[in-house]
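Listed here are the chains, written in short residue letters.
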Amino acid sequence: MKKLVLIDGNNVVYRAFFALPLLSNNQGMYTNAVYGFTMMLMKVIEEEQPTHLLVAFDAGKTTFRHETYKEYKGGRQKTPPELSQQFPLIHQLLDAMAIKRYELDNYEADDIVGTLARKARNEGFDVRIVTGDKDYLQLVDEDVRVSLIRKGITDTVDYGVEKVRERYGIEPREVIDLKGLMGDASDNIPGVPGVGEKTAIKLLKQFKTVEGVYDHIDEVSGKKLKEKLELNREQALLSKRIATIDNDSPVTVTTESCAYTHEFNDQLKDLFRELGFQSLLDKLDANGSEKNETEAVAISVHTVSEFSSKQLVSPSALIVQMLDENYHYGAINGFAVANNTGTYFIETEHALKDERFCKWLEDPEKKKVLLDSKRAEVALKWRGISLKGISFDARLATYLIDPSEAGQDLALLATKRGISNIETDDAFYGKGAKRKIPEEDGQAQHLGRKAAALLQLEPKLIQELDENKQKKLLFDLELPLARVLAKMEFTGIKASGETLIAMGDELDRTLDIIEHDIYLMAGVSFNINSPKQLGEILFEKLMLPPIKKTKTGYSTAADVLEKLRGRHEIIDRILDFRQLGKLKSTYVVGLLKVIHPKTGHVHTCYNQALTQTGRLSSTDPNLQNIPIRLEEGRKIRKAFLPSKEGWQIFSADYSQIELRVLAHIADDENLKQAFIDGMDIHTKTAMDVFGVEKDEVTSLMRRHAKAVNFGIIYGISDYGLSQNLGITRKDAARFIEKYLQSYPGVQHYMESIVKKARSEGYVTTLLNRRRYLPDINSRNFNSRSFAERTAMNTPIQGSAADVIKKAMILMDQRLNEEKLKSRMLLQVHDELIFEVPDQELETMSRLVPEIMEHAIQLSVPLKVEHSFGPTWYDAK
DNA sequence: TGATTCACGC
DNA sequence: GACGTACGTGAATCAA
């Protein structure tokens, strides 16, 4: 079906201008109307998917309507210069998007639209008109619909024939009669004075047209009304004529010339950049591959049921397609291979039966380029196949090049680098509930294209890494680490369902009691888990003082409730309820759901290409946030066990790794000496900040000092520190200042790293991990401050992540070399968890700290503490 | 389905 | 002087 979308350019631009505040770009050029217009345009394109598109503009000042009625559009405010400046930009925009625009001397946009709508409808088009002008409703018929902008710019209501009848009680073609009678103040059309919408509609229902009204003027009820009508007969007929859109204007464009290709050229990006439309630029990038869908050229993908040896050469790009997020359980949809002999697709079932293919997968000499190699490796491990020869991972590479842009679909990564002809998975398979696997041939084509794109992508990414001096980081750190993580995830950690169920039952009993108590104290039962309901009870029924508000109402967060302690006994109970409820829902019920029915282990997924600092994250389940601080929660750890009898859970953690890294990076003599001397770092900080001797440090001073250290590591603001400690912001700022005076090296580091970020646009870690900070020069104080704190914090946290990642690789190597049975199971940022047979405890107690402490040589010693026990709980 | 709020870890 | 404040994941609620 051909679909033509016609847009009244002038009308939409005007609306956009008045709907949005007067935005301007960094050169002081006004951009609000362009921005609003573009938003509308993109929305319409996305929703309507037009095959043809045209934007009509008014030409000049006078039109044929002025010849009939020279007061037409009289009394209008002159177009503000802030707006007229923007029209050339809009023309540029349309040209860059290859969208037809048109104006015609002596005619208005609506005549162009009306004429083209009629033509197109007769040629079998589905026509859609976008405007804010109700006059257009006269054009509505079975094939022509009008999207009327209601308010703002993107909020529209669609009018078909039925909708016009429903809204006005008249036929679309009677809209001109309506205008004839009631007039239109905005166009200075008089109509019949004293006749408004209500009366006009009543008349038209009876007489259909203006002419009808006058033909049967005697039948009009109401003496006054009849008088008014008779008095303004000519004016009414004239008004109708002026309101009538000329659908036979001498337009010189054909419908075919409005063909819209969904293409845009590079000028569009340049234009967006010039205008400062960052969000639209992002959108463009995000939609880029979908746009290319229409121009995607079919490539030759050979669907095979088995491979020949000639086809499986090295290097090859390999796609192991899975739609399920969780690769431990998910199905493989199919495989695609691309290399210099061609591009191939093979169904999963055939692939796994194809001995030659499986051998190839396991052959370390056959180099393979993947996207998210760990996903493929683990999925194949579950099928008894040991994927080897992984030479490149585009996911990890793009993560190192710019962590904020990793995680994107291959289509986007490729398009950005000039490799088009590929769709996003979301576009191909559909997203959310609409996701489905299309017929095999379509998928073969899609996956084949992905593999081909991946093959082309590799050298480009390697070059980018090289320019960043990040090749070692990829090939010696992240890529080997992925293999280690794959092993850890596949091994999993044994979890006792029985233990969890018993804890759950116990929690249920306690929760029941607490819930009852709360209802009793509140005098009413309600949903304690609903912050809204809880807020009403606490701050309205019980009249407690609301300390803080959220966007939607009262805040009931723990720090608020903490301050209300003692005001009412219900507070403690609510805090208990929250704490235990969390344990039950997240840690008992949640973990039970993810114990593998066959292995009895939980298999987490580490995301190695997500965090902006270089840390790992853990999902399904998250094993990096198992409770430890409060005893009730810590007991959850009793459910994590070694997988065999006579084994122990062994835990080793870095002591103060971030502060040691800081001492090294900042090269701060005082801080370095503290670590060399093996001092308790928080006590040392307290001594320096409060200017006291070691034995004068009170526990409060140490607590405050600890919070300051915490703030340094995490890059929190003085406000954040004041919240943490419950002190004023001023005092918090004073602490920080005192701290920096005591550690001048740190102070110097903080200043120079921010400078570096400003000039380079990014900061780096010990192993050359990068994080870009686009806000570092922002004029917005908040954005800039945040970027500055990030600049200070990321090298610290990120370098610590580098250290433990290196340690993991060395640890894995050593376990292999020494043929130890011990297995690495988990990583929790500064901690490694193993399971260890009793007879290896001694070796591991020596080996693990040794390796971790010397993973990377710093100018201060690294310290590792370890322990073991029959459960994770006991390894403390 | 997505936004909001809350809570857990480092 | 206001701004809205380390990084993550997950559950529950609520409004579309």
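Residues numbered from 1 in each chain as written. Chains lettered and ligands numbered in written order. Predicted model: local features only at pLDDT ≥ 70, side-chain atom pairs only at ≥ 80, totals over all residues. Heavy atoms only, no water.

**Considerations on the domain arrangement of chain A**
Definition in use: Per the annotation, domain bounds derive from an automatic or database assignment of domains. Here, residues are in contact when the closest pair of their heavy atoms is within 4.5 Å. Reported buried area values correspond to the accessible surface (1.4 Å probe) lost by two parts on association, with both partners' losses combined. Each salt bridge in this description consists of a side-chain nitrogen of Lys or Arg and a carboxyl oxygen of Asp or Glu lying within 4 Å of one another. When residues are sorted by character, Ala, Val, Leu, Ile, Met, Phe, Trp, Tyr, Cys and Pro go into the nonpolar class, Asp, Glu, Lys and Arg into the charged class, and all the rest, Gly among them, into the polar class.
Domain annotation for chain A reports domain 1 (3-168 + 246-258), domain 2 (295-492), domain 3 (494-602) and domain 4 (658-797). Its C-alpha centre places domain 2 at a distance of 44 Å from the equivalent point of domain 3. Each partner contributes residues to the interface: domain 2 has 4 residues there, and domain 3 has 8 residues. Across the interface of domain 2 and domain 3, roughly 390 Å² is buried in total on both sides, 55% from carbon and sulfur atoms. Looking only at domain 2, the three residues that lose the most surface to domain 3 are Y329, W382 and G492, adding up to 85% of its buried area. Here domain 2 and domain 3 share 0 salt bridges between them. Of the residues contributing to the side of domain 2 that touches domain 3, the split by class is 2 nonpolar, 2 polar and no charged.

**Quick look at the packing of helix α18 (residues 394-401) against helix α21 (residues 440-467)**
Keep this limit in mind: Each axis is a line fitted through C-alpha atoms, taken for helices only over the stretch in contact, and angles between the N-to-C directions span 0 to 180 degrees. To qualify as a helix, a DSSP run of H or I must reach at least 4 residues; to qualify as a strand, a run of E must reach at least 2; elements of each kind are numbered from the N terminus. Reported orientations rely on four angle classes, namely roughly parallel under 35 degrees, roughly antiparallel over 145, roughly perpendicular from 65 to 115, and oblique for the rest. Handedness of a helix crossing follows the sense of rotation of the near helix relative to the far helix, less than a right angle counterclockwise being left-handed and clockwise being right-handed.
Across the interface, α18 lies against α21 with an axial gap of 10 Å and an inter-helix angle of 30 degrees. Our classification of the angle between α18 and α21 gives roughly parallel. When the axes of α18 and α21 are compared, the crossing they make is left-handed. Residues A394, A397, T398, L400 and I401 of α18 lie in contact with α21, whose contacting residues are L454, L457, L461, E464 and L465. For the contact of α18 with α21, the class distribution of residues is 8 nonpolar, 1 polar and 1 charged.

**Re the protein's contact with DNA strand B**
The following threshold applies: We call a residue near a given molecule or strand whenever any one of its heavy atoms falls within 4 Å of it. Side-chain atoms alone can form a polar contact between residues adjacent in sequence; in general such a contact is a pair of N or O atoms within 3.5 Å, and within protein one must be able to donate a hydrogen while the other accepts it.
Around DNA strand B, 24 residues are found, and the nearest of them are T552, T556, R578, N625 and I628. Per the 4 Å cut-off to the protein, sugar and phosphate atoms form 84% of the nearby atoms of DNA strand B. Between DNA strand B and the protein, one listed contact pairs a phosphate oxygen with a backbone N or O atom of I628 at 2.8 Å. A distance of 3.3 Å separates a base oxygen of DNA strand B from a polar atom in the side chain of Y714. It is helix α26 (residues 570-593) that contributes the most residues to the surface near DNA strand B, 4 residues altogether.

**Some remarks on the protein's contact with DNA strand C**
Near DNA strand C, the surroundings consist of 27 residues, among which S530, D620, Y714, S717 and Y719 are the closest. Near-protein atoms of DNA strand C (within 4 Å) split between backbone and bases, with sugar and phosphate holding 65%. Interatomic distance of 3.5 Å between a side-chain N/O atom of K532 and a phosphate oxygen of DNA strand C. Separating a base oxygen of DNA strand C from a side-chain N or O atom of N782 is a distance of 3.0 Å. Contributing elements (two or more residues each) for the surface near DNA strand C: α24 (531-541), α26, β16 (617-619) and α35 (781-817).

**Re the packing of helix α28 (residues 657-666) against helix α34 (residues 744-760)**
α34 packs onto α28 with a crossing angle of 75 degrees between their chain directions and a minimal axis gap of 9 Å. Here α28 is positioned roughly perpendicular relative to α34, judged by the angle of their axes. Note on element contacts: α34 touches α28 through G745, V746 and Y749, opposite L662, I665 and A666. Per-class residue counts for the contact of α28 with α34 are 5 nonpolar, 1 polar and no charged.

**Focus: the sheet that holds strand β17 (residues 640-641)**
Formally: When DSSP finds at least two bridges between two strands, those strands are taken to pair.
Taken in spatial order, the 3 strands line up as β14-β13-β17 in an open sheet, and their pairing is antiparallel. At either end of the open sheet lies a strand with only one pairing partner, and these are β14 (601-602) and β17. As paired elements, strand β13 (residues 493-495) and β14 share 2 bridges and run antiparallel to each other. What sits directly across from I493, in β14, is V602.

**Concerning helix α7 (residues 161-168)**
The condition that has to hold: Relative accessible area decides the class of each residue, using a 1.4 Å probe on protein chains only: under 20% of the type maximum gives buried, over 50% gives exposed, and in between gives partly exposed. It is the directions from the helix axis to the C-beta atoms that the arc portrays.
The set of residues buried in α7 consists of V161, V164 and Y168. Projected down its long axis, α7 shows its buried positions confined to an angular sector of 65 degrees, all on one face. Of the exposed residues in α7, the ones pointing more than 90 degrees away from its buried face are E162 and E166. Two residues or fewer past α7, G169 is found with a positive phi of approximately 70 degrees.

**Some details on helix α6 (residues 109-122)**
Put simply, the rule reads: Here the expected span of a helix is defined as 1.5 Å times the quantity of residues minus one.
Under the 1.5 Å per step criterion, the end-to-end length of α6 is 20 Å for 14 residues, consistent within 8% with the ideal 20 Å. The buried fraction of α6 amounts to 10 of the 14 residues, a majority that puts the element mostly inside the structure. Among all positions in α6, only A109, D110, D111, I112, V113, G114, T115, L116, A117 and A120 are buried. One or two residues past the end of α6 sits G124, with phi positive at roughly 90 degrees.

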